[in-house]
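# Remarks on the overall topology
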Amino acid sequence: MFPESIETDRLRLERFCHETVDVFELYEAFAARHAEGVDEVFEYVPQSPYATTKDAADAIDDAERRWEEAERAAYAVRPKPGEDGAGELAGLATLTCQWEHRTGQLGLILRKPFWGRGYSGERAAALMELAFERLDLDLVTAGYNEGNEASKRAIERYVEAHEGQYDGILRNWVPMDDRVDDLHRYTVSREQYDAAADR
């Protein structure tokens, strides 16, 4: 149902599975003891850095299960040749399908060395195309936890580029380790996406 890989101008998104991502590569990229800036990366993410290589293996197992059940398309994000860090695991991108609502929810965890390059918007555009043009969904959502200013700026840019909108705050929405964060929700409808494409 989901494409195994997606190409953008600067990125290659590959299915997040054992065939494309080595457990030790994943662990090194997102482990509490190893990864550069990992505390900042996970500050507003509702999961913790990997404590063991088994945590990383379990994450891949879970992604494979959700893929097979058509629940979530998860991709390893790698910069293409010509980009700094080409071929490295820069992050993980997801499109979670809420089929009963005909909605796709965007997600992204990006390693700190790859922040500030506009990769979030490039990945969002590719996954919106997947949601609307291949999966025939009606709505795509994105959001950021209260306080996450970097995600706020990135989301506002790509939502505006696709003529989407800010819907408001969902109070006590995102369970974190020791707190529950408010979520600022944005949406792009099929009609808004099509209108932006026709500009």
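Conventions and cut-offs
- Residues numbered from 1 in each chain as written.
- Predicted model: local features only at pLDDT ≥ 70, side-chain atom pairs only at ≥ 80, totals over all residues.
- Heavy atoms only, no water.
- Salt bridge = Lys/Arg side-chain N within 4 Å of Asp/Glu carboxyl O.
- Helix = DSSP H or I, 4+ residues; strand = E, 2+ residues; numbered from the N terminus.
- Buried < 20%, exposed > 50% of the residue type's maximum accessible area, 1.4 Å probe, protein only.
- Axes fitted to C-alpha atoms, helices over the stretch in contact; angles between N-to-C directions.
- Parallel < 35°, antiparallel > 145°, perpendicular 65-115°, else oblique.
- Left-handed = near helix turned anticlockwise from the far one by under 90°.
- Contact = heavy atoms within 4.5 Å.
- Nonpolar A, V, L, I, M, F, W, Y, C, P; charged D, E, K, R; others polar.
- Pairing = 2+ DSSP bridges.
- Arc of directions from axis to C-beta.
- Polar contact = N/O pair within 3.5 Å; in protein donor to acceptor, adjacent residues only side chain to side chain.
- Phe/Tyr/Trp six-rings, centres within 6.5 Å; stacked < 30°, edge-to-face > 60°.
- Patch = residues over 30% accessible without salt bridge, like charges linked within 9 Å, V, L, I, M, F, W, Y side chains within 5 Å.
- Areas by Shrake-Rupley, 256 points an atom, 1.4 Å probe, with all protein chains shown as cover.
- Lys, Arg positive; Asp, Glu negative; His and termini not counted.
- Charge placed at Lys NZ, Arg CZ, Asp CG, Glu CD.

Here the focus is the pattern of salt bridges. Taken as a whole and judged by the stated rule, the model has 24 salt bridges. Here Glu 14 and Arg 78 are joined by a salt bridge, their closest N and O atoms 3.2 Å apart. Of this pair, Glu 14 sits in strand S2 (residues 11-15) while Arg 78 sits in strand S3 (residues 72-79), and the two are 64 residues apart along the sequence. Note on Glu 14: relative accessible area 17%, which makes it buried. Asp 136 serves as the salt-bridge partner of Arg 102, at 3.6 Å between the closest nitrogen and oxygen. With Arg 102 in the loop between strand S4 (91-98) and strand S5 (103-110) and Asp 136 in the loop between helix H4 (119-134) and strand S6 (139-145), this pair connects stretches of sequence that are 34 residues apart.

Attention now goes to the packing of helix H1 (residues 23-30) against helix H3 (residues 53-68). Packing of H1 against H3 leaves a shortest axis separation of 9 Å and a crossing angle of 110°. Between H1 and H3, the interaxial angle falls into the category roughly perpendicular. Crossing geometry of H1 relative to H3 is assigned as right-handed. Contacts between H1 and H3 involve Val 23, Phe 24, Leu 26 and Tyr 27 from the former and Thr 53, Ala 56, Ala 57 and Ile 60 from the latter. Taken together, the residues of the contact of H1 with H3 break down into seven nonpolar, one polar and no charged.

Moving on, we get to the sheet that holds strand S8 (residues 180-189). Within the open sheet, the eight strands sit side by side as S1-S2-S3-S4-S5-S6-S8-S7. Their pairing is mixed. Strands at the two margins of the open sheet, each flanked by one partner only, are strand S1 (5-7) and strand S7 (165-175). Sheet twist, expressed as the average angle between the axes of neighbouring strands with direction ignored, equals 25°. Where S1 meets S2, three bridges bridge the pair, whose relative direction is antiparallel. Pairing of Ile 6 across the sheet is with Leu 13, part of S2.

Among the residues of H1, Val 23, Leu 26, Tyr 27, Ala 29 and Phe 30 are the ones counted as buried. Viewed along the axis of H1, the buried residues span an arc of 165°, placing them on a single side of the element. Turning to H1, the residues buried within the fold contact helix H2 (38-41), H3, S4 and S5. For H1, the N-terminal capping position is held by Asp 22, with its side-chain oxygen 2.9 Å away from the main-chain nitrogen of Phe 24.

This part covers the packing of aromatic side chains. For the coordinates displayed, the defined rule picks out six aromatic pairs. On the numbers, 6.1 Å between centres and 35° between planes, the contact of Tyr 144 with Tyr 186 is tilted. Residue Tyr 144 is located in strand S6, and its partner Tyr 186 is located in strand S8; the two are separated by 42 residues in the primary sequence. We classify Tyr 144 as buried; its relative accessible area is 6%. Here Tyr 186 falls in the buried class, since its relative accessible area comes to 5%.

Right, let's talk about the pairing of S7 for a bit. Bridge count for S7 against S8 is seven bridges, and the pairing is antiparallel. The residue of S8 that forms the bridge with Pro 175 is Val 180. Linking two consecutive strands that pair antiparallel, namely S7 and S8, is a turn of four residues.

Moving on, we get to a negative patch on the surface. A grouping of Glu 129, Glu 133, Glu 191, Asp 194 and Asp 198 is seen on the molecular surface, where their side chains present a negatively charged patch. Among the secondary structure elements, those contributing two or more residues to the negative patch are H4 and helix H6 (190-197). Along the chain, the position of Asp 198 falls in the segment after H6.

This part takes up the pairing of S5. Counting buried residues along S5, six of its eight residues qualify, which places the element largely inside the surrounding structure. As defined by bridge partners, S4 adjoins S5 across eight bridges and the pair is classed as antiparallel. Looking at the pairing, Cys 97 lines up with Gly 104 of S5. Between S4 and S5, which pair antiparallel one after the other, the connecting turn spans four residues, and Arg 102 there sits at a positive phi close to 55°. Across three bridges, S5 lies against S6 in parallel orientation.

Spatial relationships are all this shows, so hold off on functional conclusions.
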